[in-house]
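Each chain, letter by letter, is given below.
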Amino acid sequence: MTSDAVLVPAGVAALAGDLVVPASARAVVLFAHGSGSSRLSPRNRAVATALQHSGLATLLMDLLTEQEEAVDALTAGHRFDIALLSGRLTAAIDWLGARPGTADLPVHLFGASTGAAAALTAAAGRPDQVRSVVSRGGRPDLADDALGRVRAPVLLIVGGEDHEVLRLNRAAAARLQVPHEVHVVPGATHLFEEPGALEEVAEVACRWFLRPSRSPGGA
């Protein structure tokens, strides 16, 4: 297993990332963190570790530069800019597709909170590259019109006690035109801090990513 600190080019920005590629990796999962978070999100890193143990490569990356993060901390002006965040993910998808060691791997997306909307929007923009999308406690509703353009299967994981987000996820799921599932983790709240909740997230996400392969862009 190789682990590298990388810089992902995204227009004029260079975004810090952590890329882990197990031997004989079967696919690569690109993570999109939620509002006010970063590639160091302990919950995403815990899920990433579980995926790595199942033979999946992972890329956790910052979606904002240090300067943008400083502004966002004061104004929250970037964390809901889905166009900006999805553009950064799209750049990362293209980077993975051109990089030795990942160029031949299918790409999946894992988004949390607002990162889920960015992941779905990026999937809609790269239908030939993205094989599937998983959302954890996400805001897929913020993907807006992109929901109807997603061509990859979608798994929406929501805590059973995260009532408003669960309502938003079910409404967003009804707008998807692809195979999808809403998986409810009983007793879990928004951050999945309850015993066993995050482990369930990792387990169901891993199963979703390792399902029999579908052609990109297919139903």
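Within any chain, residue numbers begin from 1 and follow the written order of that chain's sequence. Only residues with pLDDT of at least 70 get local features here, since the model is predicted, and only at 80 or more are side-chain atom pairs given and counted; chain-wide, interface and lining totals rely on the full set of residues. To get the side-chain values, take all heavy atoms of the structure and skip hydrogens and water.

## Some remarks on the overall build of the protein
Phase 1 of the analysis: Helix and strand assignments come from DSSP, with helices taken as H or I runs of at least 4 residues and strands as E runs of at least 2, each series counted from the N terminus. Helices and strands together make up the secondary structure of the protein, namely 6 helices and 8 strands.
Phase 2 of the analysis: The secondary structure elements of the protein, listed N-terminal to C-terminal, are β-β-β-α-β-α-α-β-α-β-β-α-β-α.
Phase 3 of the analysis: For the radius of gyration, the atoms used are the C-alpha atoms, and the globule rule reads 2.2 Å times the number of residues raised to 0.38. Computed over its C-alpha atoms, the radius of gyration of the protein comes to 16 Å, within 12% of the 17 Å expected for a compact globule of 219 residues.
Phase 4 of the analysis: Along the longest, intermediate and shortest principal axes, the C-alpha atoms of the protein span 45 × 40 × 35 Å.
Phase 5 of the analysis: Residue exposure (1.4 Å probe, protein chains only): buried if accessible area is under 20% of the type maximum, exposed if over 50%, otherwise partly exposed. The proportion of buried residues among the 219 residues of the protein is 53%.
Phase 6 of the analysis: The contact criterion used is simple: two residues touch if any of their non-hydrogen atoms lie within 4.5 Å. Once local pairs closer than 6 in sequence are excluded, the contacts in the protein between residues at least 24 apart make up 69%.
Phase 7 of the analysis: As presented, the protein carries roughly 9,300 Å² of accessible surface, and 53% of it is formed by carbon and sulfur atoms.
Phase 8 of the analysis: Between the centroid of the 19 positive side chains of the protein and the centroid of its 23 negative side chains there is a distance of 6 Å. Where accessible areas are quoted, they stem from the Shrake-Rupley method and a 1.4 Å probe; at the residue level, only the protein chains shown are allowed to cover. Positive charges are assigned to Lys and Arg, negative charges to Asp and Glu, while His and the chain termini are left out of the count. Positions of charges follow a simple convention, taking NZ of Lys, CZ of Arg, CG of Asp or CD of Glu.

## Things to note about the sheet that holds strand E1 (residues 2–10)
Phase 1 of the analysis: What the 8 strands build is an open sheet, ordered E1-E2-E4-E3-E5-E6-E7-E8; its pairing is mixed. The strands lining the two open edges of the sheet, one partner per strand, are E1 and strand E8 (180–185). Within the sheet, the average angular offset between the axes of one strand and its neighbour, ignoring direction, is 20 degrees.
Phase 2 of the analysis: For two strands to be treated as a pair, DSSP must find no fewer than two bridges joining them. Across 6 bridges, the pairing between strand E5 (residues 107–112) and strand E6 (residues 130–136) is parallel. Directly across from Ala-112, in E6, lies its bridge partner Arg-136.
Phase 3 of the analysis: Lines fitted to C-alpha atoms define the axes here, with helix axes fitted over just the stretch in contact, and angles between the N-to-C directions of these axes take values from 0 to 180 degrees. Its contacts with the sheet put helix H3 (residues 82–98) on E1, strand E2 (13–21), strand E3 (27–32), strand E4 (56–61), E5 and E6, and the angle it makes with E1 is roughly 125 degrees.

## Some words on helix H4 (residues 114–125)
Phase 1 of the analysis: Expected helix span is computed as 1.5 Å times (number of residues minus one). With 12 residues, H4 ought to run about 16 Å at 1.5 Å a step, and its terminal C-alpha atoms sit 17 Å apart, in line with that.
Phase 2 of the analysis: Buried residues dominate H4, accounting for 11 of its 12 residues.
Phase 3 of the analysis: Every buried residue of H4 is accounted for by Thr-114, Gly-115, Ala-116, Ala-117, Ala-118, Ala-119, Leu-120, Thr-121, Ala-122, Ala-123 and Ala-124.

## A closer look at the confidence of the model for the protein
Phase 1 of the analysis: Residue-level confidence of the predictor is what pLDDT reports, using numbers from 0 through 100. Of the residues in the protein, 95% reach a pLDDT of 70 or more, and the chain-wide mean stands at 92.
Phase 2 of the analysis: Confidence over residues 215–219 falls short of pLDDT 50; this stretch has 10 contacts with residues more than four positions distant or in other chains.

## Some remarks on the side chain of Arg-136
Phase 1 of the analysis: Along the chain, Arg-136 turns up in strand E6.
Phase 2 of the analysis: When a carboxyl oxygen of Asp or Glu lies within 4 Å of a side-chain nitrogen of Lys or Arg, that pair is called a salt bridge. At 8.5 Å, Asp-162 is the nearest oppositely charged side chain to Arg-136, a buried residue that forms no salt bridge.
Phase 3 of the analysis: Beyond its immediate chain neighbours, meaning those up to four positions away, Arg-136 contacts Ser-41, Arg-43, Asn-44, Phe-110, Gly-111, Ala-112, Ser-113, Ile-157, Phe-192, Leu-198 and Val-201.

## So, the nonpolar core
Phase 1 of the analysis: Take the buried Ala, Val, Leu, Ile, Met, Phe, Trp, Tyr and Cys residues and link them wherever side-chain atoms come within 4.5 Å; each set so joined is a nonpolar core. The biggest cluster of nonpolar side chains holds 47 residues, and the ones touching the most others in it are Leu-30, Leu-59 and Leu-109.
Phase 2 of the analysis: At 8 residues, H3 tops the list of elements feeding residues into this core.
Phase 3 of the analysis: Other than its neighbours up to four places away in sequence, Leu-109 contacts Leu-30, Ile-93, Ala-119, Ala-122, Ala-123, Val-130, Ser-132, Val-133, Val-134 and Phe-209.
Phase 4 of the analysis: In terms of nonpolar packing, the next biggest core, distinct from the first, is built from 24 residues, Val-29, Val-47, Ala-188 and Cys-206 among them.

## A word on the packing of aromatic side chains
Phase 1 of the analysis: For Phe, Tyr and Trp, where Trp contributes only its six-membered ring, two rings pair if their centres lie within 6.5 Å, and the inter-plane angle classes them as stacked under 30 degrees, edge-to-face over 60, or tilted in between. If you walk through the whole model with that rule in mind, you get 1 aromatic pair.
Phase 2 of the analysis: Between Phe-31 and Phe-110, the aromatic rings sit 4.9 Å apart at their centres with planes inclined by 40 degrees, giving tilted as the arrangement. Taken together, the residues Phe-31 in strand E3 and Phe-110 in strand E5 connect sequence positions 79 residues apart. Considered together, Phe-31 and Phe-110 belong to a single accessibility category, that of buried residues.
Phase 3 of the analysis: Directly above the aromatic system of Trp-208 lies the positively charged group of Arg-211, at a separation of 3.9 Å from the ring centroid. When the NZ atom of lysine or the CZ atom of arginine is within 6 Å of a ring's centre and also within 35 degrees of its normal, the charge is said to sit over that ring.

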